[in-house]
Amino acid sequence: QVHLAESGGGLVQAGGSLRLSCVASGVIFGINVMGWYRQAPGKQRELVATITNGGTTNYADSVKGRFTISRDNAKNMVYLEMNSLKPEDTAIYYCNLYFPRIGPPHDRSAWGQGTQVTVSS
């Protein structure tokens, strides 16, 4: 089993910055993808950014050039640096850990409880 815990959310004015952190505990398989997703009120959860164990990154078009995802494998942590924040970035941000090389009876994905990010205009 895997447990994820996010931190770093808060209230910030448009144009400001926040840095989110997520720590993973439990059995962490070497081949994995860590990422950040967000869910705004009344909308479905959407991908923000992902990073593989090898460091390959992927970003949603809406955050390219503003957000940066990184990880520290020694600490089992993933970060999301958010700059030039906009009101539309307001959402609950969730940490995700995915194992593409495992199957039943193991779970291939784990989620954190989420941290609230609110950007005021």
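Reference entry: report on the structure contained in this document.

Rules of the game
Residues numbered from 1 in each chain as written. Predicted model: local features only at pLDDT ≥ 70, side-chain atom pairs only at ≥ 80, totals over all residues. Heavy atoms only, no water. Pairing = 2+ DSSP bridges. Helix = DSSP H or I, 4+ residues; strand = E, 2+ residues; numbered from the N terminus. Axes fitted to C-alpha atoms, helices over the stretch in contact; angles between N-to-C directions. Salt bridge = Lys/Arg side-chain N within 4 Å of Asp/Glu carboxyl O.

### Quick word on the sheet that holds strand 3 (residues 18–26)
Hydrogen bonding along the main chain pairs the strands of a sheet, whether they run parallel or antiparallel. Here we have four strands laid out as an open sheet, ordered 1-3-8-7, and antiparallel in their pairing. This sheet does not close on itself; its edge strands, each paired only once, are strand 1 (2–7) and strand 7 (67–72). This sheet shows a mean twist of 15 degrees between the axes of neighbouring strands, independent of strand direction.

### A look at the pattern of salt bridges
Within the structure shown, the criterion is met by four salt bridges. Between R38 and D89 there is a salt bridge; the shortest N-O distance is 2.9 Å. Of the two residues, R38 is situated in strand 4 (residues 33–39) and D89 in the loop between strand 8 (77–82) and strand 9 (91–98); the sequence distance between them amounts to 51 residues. Beyond isolated ion pairs, a larger network of salt bridges with shared partners links R38, E46, R66 and D89.

### Re the pairing of strand 5 (residues 46–52)
Across six bridges, the pairing between strand 4 and strand 5 is antiparallel. Across the sheet, W36 pairs through a bridge with A49, a residue of strand 5. Hairpin connection of strand 4 to strand 5: six residues between the antiparallel strands, including G42 at a positive phi of 80 degrees. Strand direction decides the pairing type here: strand 5 and strand 6 (residues 57–59), joined by three bridges, are antiparallel. For A49, the partnering residue across the bridge sits in strand 6 and is Y59. Where strand 5 hands over to strand 6, the hairpin turn is made up of four residues, of which G55 adopts a positive phi near 100 degrees.

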